[in-house]
Amino acid sequence: MAMVRFYEEIDERLLKFAVIIAQTEGKYVFCKHKQRDTWEVPGGHREPGEKILETAKRELYEETGAVDFDLKPICVYSVIAEDYFAGEETFGMLYYADIRAFEQELHSEIERIVITDRMPDVWTYPEIQPKLLQESKKRGFL
């Protein structure tokens, strides 16, 4: 079972991921990877030399096609799980995005997005991402 923790800040060098809780016109934006039958919020790994905000912008664009949006930091999160990074605590930055416009086509590993007011029935990361959404609500972003 994964343990998810939340922090106000941390040394940016420790941040390995950016995850974005995205909405458009008050509805959630979820992604479906081409090789999975599950849904997830946009996000991904930080590239070498990349600032974490750049990671968030890049991942949001790659995974949703968002081209016009506001992006706000929510908090730092961490995950501890035996099946992730050998049980070591790993850190990511959680963001909120309000998307105003999308490109017509996706240009990444994402097969499609869905815009909805409901949570997915089947999550890619069921022990992690629902907790990130819950924390976003708790902090007044949703």
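Residues numbered from 1 in each chain as written. Predicted model: local features only at pLDDT ≥ 70, side-chain atom pairs only at ≥ 80, totals over all residues. Heavy atoms only, no water.

Here we take up the overall build of the chain. Broken down by element type, the chain carries 2 helices and 7 strands. For the chain, the N- to C-terminal ordering of α and β elements is β-β-β-β-α-β-β-β-α. Against the 2.2 N^0.38 benchmark of 14 Å for 142 residues, the chain shows a C-alpha radius of gyration of 14 Å, consistent with a compact globule. If you line up the chain on its principal axes, its C-alpha atoms span 40 × 30 × 30 Å. Within the chain, the proportion of its 142 residues that are buried is 45%. Here the analysis covers contacts within the chain between residues at least 6 apart in sequence; of these, 73% occur between residues at least 24 apart. If you average the places of the 19 positive and of the 28 negative side-chain charges in the chain, the two averages end up 3 Å apart. (Helix = DSSP H or I, 4+ residues; strand = E, 2+ residues; numbered from the N terminus. Rg over C-alpha atoms; globule rule 2.2 N^0.38 Å. Buried < 20%, exposed > 50% of the residue type's maximum accessible area, 1.4 Å probe, protein only. Contact = heavy atoms within 4.5 Å. Lys, Arg positive; Asp, Glu negative; His and termini not counted. Charge placed at Lys NZ, Arg CZ, Asp CG, Glu CD.)

The next point concerns the environment of P42. Mapping P42 onto the fold places it in the loop between strand 3 (27-33) and strand 4 (43-45). For the pair P42 and K32, spaced 10 residues apart in sequence, the C-alpha to C-alpha distance is 9.4 Å. For P42, the contacting residues outside a window of four places in its chain are A18, V19, I20, A22, V29, C31, L60, E63 and T64.

With that out of the way, let us pick up the nonpolar core. Counting 20 residues, the largest nonpolar core has L94 and L132 as its most contacted members. Going through the elements one at a time, strand 2 (15-24), strand 3, strand 5 (66-80), strand 6 (90-102) and helix 2 (129-138) are the ones with two or more residues in this core. With 4 residues, the single largest contributor to this core is strand 5. Those residues in contact with L94, other than ones at most four positions away along the chain, are V19, I21, P73, I74, C75, Y77, L132 and S136. (Core = buried A, V, L, I, M, F, W, Y, C linked by side-chain atoms within 4.5 Å.)

Right, let's get into the environment of R58. Here R58 lies in helix 1 (residues 52-64). The class for R58 is buried, based on a relative accessible area of 19%. In this structure, the C-alpha to C-alpha distance between R58 and F141, residues 83 residues apart in sequence, is 21 Å. Setting aside its immediate chain neighbours within four residues, R58 contacts H45, R46, E47 and E50.

With respect to the helices, strands and loops of the structure, S108 is situated in the loop between strand 6 and strand 7 (110-116). Overall, S108 belongs to the buried group, its relative accessible area being 14%. A polar side-chain atom of S108 sits 2.6 Å from the main-chain carbonyl oxygen of E62. Sequence-distant contacts of S108, defined by excluding residues within four places in its chain, comprise K34, E62 and E63. (Polar contact = N/O pair within 3.5 Å; in protein donor to acceptor, adjacent residues only side chain to side chain.)

Below, the discussion takes up the pattern of salt bridges. Scanning all chains against the criterion turns up 16 salt bridges. Two residues, D11 and R13, come together in a salt bridge whose shortest N-O distance is 2.4 Å. By relative accessible area, which is 33% here, D11 ends up partly exposed. Salt bridges sharing partners connect three or more residues here, namely E47, E50, R58, E59 and E62. (Salt bridge = Lys/Arg side-chain N within 4 Å of Asp/Glu carboxyl O.)

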